[in-house]
Amino acid sequence: MTGSRVVALGHYQPAKVLTNDDLAAMVDTSDEWITSRVGIKTRHVGGPDEPVDEMAAHAGGKALAAAGLRPAEVDLVLVATSTAIDRSPSMSARVAARLGMGSPAVMDINVVCSGFTHALAAADHAVRAGAAERVLVIGADKMADIADWTDRSTCVLLGDGAGAAVVVADPDGGDRPGIGPVLWGSVPEMGNAVRIEGTPPRFAQEGQSVYRWATTQLPPIARKVCEKAGVAPEDLAAVVLHQANLRIIEPVARKIGAVNAVIARDVVDSGNTSAASIPMALSKLVERGEVHSGAPVLLFGFGGNLSYAGQVIRCP
């Protein structure tokens, strides 16, 4: 059976950096308060001339260049985002236009913070079903546009950015797939714990509820992801969780049992970039040479809708 694999990655962040001290001049907070509660030091914030699709296209273009593919060779574009203001054209259609693609299928996927891992699963399924051969998968969010900059409990969390992966068909990947089976789900009755609502839309969350859910309920689910992939947690080379909060990432990674893995901590420098966080963090790990090609990596997204999705992939 034809499988799929990730062959290249790319990421993009706006040039403007917002430090904790900058935020302390805007709201009642401090570097010590932010660092001790969420572990974030800086975040990148896009300006009015950096829309979501532009960030997504930058990341996607880098991933395609790394894969040695021309934009016209892509037959499916999936963009995971929850900060698209316009409903049409979609972010994926705009990315395809920006990159000068031919006639790819284009779809946006809105599962907020776990959007990228959902989109990666959809790409894997499309390739396995024979509906696509080369897929550009992007997670991109401009959280600064939906931040309440008067709310010190949430504005300190958020950053902007995009990350991308190129997924291709792998005829020899049936027995040792480059993208393992997804495990996904949600907790509908707790869906209001993370919200992007209103006009204009604003981000809000019940922080303690999310923290308790993530640190207690998610580790056994993540271990089941490894089990489905046939990989023991101690054999993982890296763990890339949604970069929500360092106080969530570290205990969840520890409870998974990935004792030999590199743990992505991009949240410290980038904040919570929602759907962009996993591909951006993974792209940086690969760029720095911290994970070797072919090594098993756990990707696990969680958050908005109290949804989750994860899979083990082979590092490109």
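First, a word on scope: everything that follows refers to the structure included in this document. No experiment lies behind these values; they were computed from the predicted model shown.

Rules and cut-offs
- Residues numbered from 1 in each chain as written.
- Predicted model: local features only at pLDDT ≥ 70, side-chain atom pairs only at ≥ 80, totals over all residues.
- Heavy atoms only, no water.
- Helix = DSSP H or I, 4+ residues; strand = E, 2+ residues; numbered from the N terminus.
- Expected span 1.5 Å × (residues − 1).
- Buried < 20%, exposed > 50% of the residue type's maximum accessible area, 1.4 Å probe, protein only.
- Phe/Tyr/Trp six-rings, centres within 6.5 Å; stacked < 30°, edge-to-face > 60°.
- Axes fitted to C-alpha atoms, helices over the stretch in contact; angles between N-to-C directions.
- Parallel < 35°, antiparallel > 145°, perpendicular 65-115°, else oblique.
- Left-handed = near helix turned anticlockwise from the far one by under 90°.
- Contact = heavy atoms within 4.5 Å.
- Nonpolar A, V, L, I, M, F, W, Y, C, P; charged D, E, K, R; others polar.
- Pairing = 2+ DSSP bridges.

Section: helix H5 (residues 115-128)
Phase 1 of the analysis: A rise of 1.5 Å per residue sets the reference length of H5, with its 14 residues, at 20 Å; its end C-alpha atoms lie 20 Å apart and thus fit the reference within 8%.
Phase 2 of the analysis: Taken residue by residue, H5 has Gly115, Phe116, Thr117, His118, Ala119, Leu120, Ala121, Ala123, Asp124, Ala126 and Val127 as its buried positions.
Phase 3 of the analysis: At the C-terminal side of H5, Gly130 shows a positive phi close to 80°.

Concerning the packing of aromatic side chains
Phase 1 of the analysis: Applying the stated criterion across every chain, the model contains two aromatic pairs.
Phase 2 of the analysis: Arranged with centres 6.4 Å apart and planes meeting at 40°, the rings of Phe300 and Phe302 form a pair that is tilted.
Phase 3 of the analysis: Classification of Phe300 by relative accessible area gives buried; the value is 0%.
Phase 4 of the analysis: Ring geometry for Phe300 against Tyr308: centres 6.4 Å apart, planes inclined by 20°, an arrangement best described as stacked. Of the two residues, Phe300 and Tyr308, both sit in the buried class.

Details of the packing of helix H3 (residues 52-67) against helix H4 (residues 91-99)
Phase 1 of the analysis: One can describe the packing of H3 onto H4 by two numbers: an axis separation of 9 Å at closest approach and a directional angle of 55°. Judged on the interaxial angle alone, H4 and H3 are oblique. Handedness of the H3/H4 crossing: right-handed. Packed against H3, whose contacting residues are Val52, Asp53, Glu54, Ala56, Ala57, Gly60, Gly61 and Leu64, the element H4 presents Met91, Arg94, Val95, Arg98 and Leu99 at the interface.
Phase 2 of the analysis: In terms of residue class, the contact of H3 with H4 is made up of seven nonpolar, two polar and four charged.

Some thoughts on the sheet that holds strand S1 (residues 3-12)
For sheets, the rule is that strands pair by backbone hydrogen bonds, running either parallel or antiparallel.
Phase 1 of the analysis: The sheet built from five strands is open, its strands ordered S1-S7-S6-S4-S5 with mixed pairing. Strands at the two margins of the open sheet, each flanked by one partner only, are S1 and strand S5 (105-109). Neighbour-to-neighbour, the strand axes of this sheet turn through a mean angle of 20°, independent of strand direction.
Phase 2 of the analysis: With nine bridges connecting them, S1 and strand S7 (residues 160-170) associate as antiparallel partners.

Observations regarding the pairing of strand S6 (residues 134-142)
Phase 1 of the analysis: The buried fraction of S6 amounts to eight of the nine residues, a majority that puts the element mostly inside the structure.
Phase 2 of the analysis: With five bridges joining them, strand S4 (residues 76-80) and S6 adopt parallel strand pairing. Paired with Ala80 across the two strands is Gly139, which belongs to S6.
Phase 3 of the analysis: Relative to S7, S6 is paired through nine bridges, and the arrangement is antiparallel. Across the sheet, the residue bridging to Lys142 is Asp160, located in S7.

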